[in-house]
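Residue strings, one per chain:
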Amino acid sequence: MDNMGRPLKKRTITFSPPDISEAEIQEVAEALRSGWITTGPRTKELERRLADYCHTEKMVCLASATAAEELNFHVLGLKPGDEVIVPAYTYTATASAAIHLGATVRLIDSQPGTFEMDYAQMADAINEHTKAVVPVDLGGIMCDYDQIHAAVESKAHLFHPEGKIQEALGRVAIVSDCAHALGAVRKGAMAGSAEVSDFASYSFHAVKNFTTAEGGAATFRPLPGVDANEIYHLYQLLSLHGQSKDAFSKEHAGSWEYDVIAPWYKCNMTDVMAAIGLRQLDRYPGMIERRHALIRRYDQMSERLSLGHLQHTGPDFRSSGHLYLTRIPGADAEERNRIIAEMAVRGIACNVHYKPLPMMTAYRNLGWHIENFPNAYDYYHNLISLPLNTRLSDEDQEYIIENYTDILEHR
């Protein structure tokens, strides 16, 4: 029964199921039959096609976006004692990649009324130890990179470069977390492209717009005096134990011998994963269009109910349409949780993106306190993420809208 005592025809709507077609299934089957299932020709083809799609020179496909960000930091030359600036309003992977390398993370509060990092606070936090700032394109909406570039350029005199990558940059690096943002655009620049980022990472996890089941990718801006092929090779070394030849290279007759340059990581993408990605990329423009059609209908609901919500389009930007976040006026966290529970009773899975990092045990143990991040908490406490995915039918979305409306109108 709804709040008016009317019977409901209950559906089961999951939050973000992967959109896998027969094309992906067939490509995976062909990869399995080929006898080549680890990193090989399909992975290299996906790298080339993603680089073209994202308007970048090189793309490195890896096992996750977290691995991609960590390898970005490695290539940058991050080390213990360096500082990295991260928004408090993000998922843990944004910060943990830097922590893994021994760097000190400095969390920045949000701007009032938004998840986006306070750029004035970010600029003030830059000091002689700062090596990177990590903008997060949350929900697939690109940050204001004009302000970010202005901030790092204004503090270039404090930057102490170490190594040829940092020397070529001459300032704090912009290492974008584009986990949600594959295909997003702002002022004509694609998310993660050289126009906006020095390094970027993308997520291809099962819940993302574009998936390879798990997986992710790293990209980097070409720098004067630095060979892009040399940087690409460094990513290969970092992702495969520091081994000088991958299995694909060793497959050629007589090419068995290899060296291990350093005791590094194992986080390469497989051809089975890349097979999914190749066929996903064929379909991806249409998948983004479908997401925006769903967003337009949600926007109509949000405006009718006077809900806060993300702006996915504007005169100079268009998101990848990854998340639909709503904010309930006047609600506290307890009421927000009751609404999510009521939606679940009606068969609708909702979520919250995100619980700010200072609320998590790991970050509290590092000395962060949510009381020092009032804007991040204010954005979180009344936020509900509604299902938004390309498996969602018009009828399912209408069911979500009807039930959300019913619950909110009878709070």
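Before any of the text, the structure's been laid out above.
Residues numbered from 1 in each chain as written. Predicted model: local features only at pLDDT ≥ 70, side-chain atom pairs only at ≥ 80, totals over all residues. Heavy atoms only, no water.

Engineer: Any chance you could explain the environment of Ala179 here in plain terms?
Structural biologist: Residue position: Ala179 is located in the loop between strand S5 (173-177) and strand S6 (185-186). A relative accessible area of 16% means that Ala179 is categorised as buried. Taking the C-alpha atoms as reference points, Ala179 and Phe204, separated by 25 residues in sequence, lie 7.7 Å from one another. With residues near it in sequence (within four places) discarded, Ala179 still touches Ser201, Tyr202, Ser203 and Lys208. (Helix = DSSP H or I, 4+ residues; strand = E, 2+ residues; numbered from the N terminus. Buried < 20%, exposed > 50% of the residue type's maximum accessible area, 1.4 Å probe, protein only. Contact = heavy atoms within 4.5 Å.)

Engineer: Can you help me understand the sheet that holds strand S10 (residues 308-309) in this one?
Structural biologist: Adjacent strands of a sheet pair through backbone hydrogen bonds, lying either parallel or antiparallel. Across the sheet, three strands lie side by side as S10-S13-S14; this open sheet has antiparallel pairing. Each edge of the sheet is formed by a strand with only one pairing partner; in this case those strands are S10 and strand S14 (383-386). Two strands pair when backbone bridges link them, and S10 and strand S13 (residues 324-327) are joined in this way by two bridges, in the antiparallel orientation. Bridged to His309 within S13 is Thr326. Against the sheet, helix H10 (residues 271-305) touches S10, S13 and S14, its axis set at about 5° to S13. (Pairing = 2+ DSSP bridges. Axes fitted to C-alpha atoms, helices over the stretch in contact; angles between N-to-C directions.)

Engineer: Can you walk me through the pairing of strand S2 (residues 83-87) in this structure?
Structural biologist: Working note: regular strand, side chains alternate between the two faces of the sheet. Among the five residues in S2, five count as buried, and that is most of the element. Of the two faces of S2, the one carrying Glu83, Ile85 and Pro87 and the one carrying Val84 and Val86 are both buried. Here S2 pairs with strand S3 (residues 104-108) via five bridges, running parallel. If you follow Val86 over to S3, its bridge partner there is Leu107. With three bridges joining them, S2 and strand S4 (residues 130-133) adopt parallel strand pairing. Bridge pairing in S4 places Glu83 opposite Thr130.

Engineer: How should I be thinking about the layout of surface pockets in this particular structure?
Structural biologist: Empty space among the atoms becomes apparent when a probe as large as a water molecule is rolled across them. In this structure, the largest pocket spans a volume of roughly 590 Å³. Elements supplying a minimum of two residues to the lining of the largest pocket: helix H3 (65-76), helix H4 (92-100) and strand S8 (199-203). For the lining of the largest pocket, a count of residues per class yields 13 nonpolar, 14 polar and five charged. Taken as a whole, the second largest pocket holds about 260 Å³ of empty space. (1 Å grid on protein atoms, 1.4 Å probe; cavity = no way out; pocket = protein on both sides within 12 Å on 5 of 7 lines; lining within 4 Å. Points joined across faces, edges and corners; volume = space filled by probe spheres on them. Nonpolar A, V, L, I, M, F, W, Y, C, P; charged D, E, K, R; others polar.)

Engineer: Explanation requested: the pattern of salt bridges in the structure shown.
Structural biologist: By the definition in use, this model includes 27 salt bridges. A salt bridge links Arg279 to Asp282; the nearest nitrogen and oxygen atoms lie 2.6 Å apart. Taken together, the positions of Arg279 and Asp282, both in helix H10 and three residues apart, correspond to about one turn of that helix. Assessed through its relative accessible area of 43%, Asp282 is described here as partly exposed. Taking the shortest distance from any N to any O, the salt bridge between Arg297 and Asp394 comes out at 2.6 Å. Within this pair, whereas Arg297 is found in helix H10, its partner Asp394 is found in helix H14 (residues 394-409), the two being separated by 97 residues in sequence. Note on Asp394: relative accessible area 38%, which makes it partly exposed. Through salt bridges that share partners, Glu27, Arg42, Arg49, Arg279 and Asp282 make up one connected network. (Salt bridge = Lys/Arg side-chain N within 4 Å of Asp/Glu carboxyl O.)

Engineer: Would you explain helix H6 (residues 145-154) in this entry?
Structural biologist: Count 3.6 residues to each turn of an α-helix, and residues three or four apart come out pointing the same way. Turning to H6, its buried residues number three or more, namely Tyr145, Ile148, Ala151 and Val152. Taken end-on, H6 shows its buried residues confined to a sector of 120°, consistent with a single buried face. (Arc of directions from axis to C-beta.)

Engineer: Is there a simple way to explain the environment of Val185 in this structure?
Structural biologist: By the element assignment, Val185 lies in strand S6. The exposure class of Val185 is partly exposed, given its relative accessible area of 25%. For Val185 and Val75, which are 110 residues apart along the polypeptide, the C-alpha to C-alpha distance reads 26 Å. For Val185, the contacting residues outside a window of four places in its chain are Met142, Met190, Asp316, Phe317 and Arg318.

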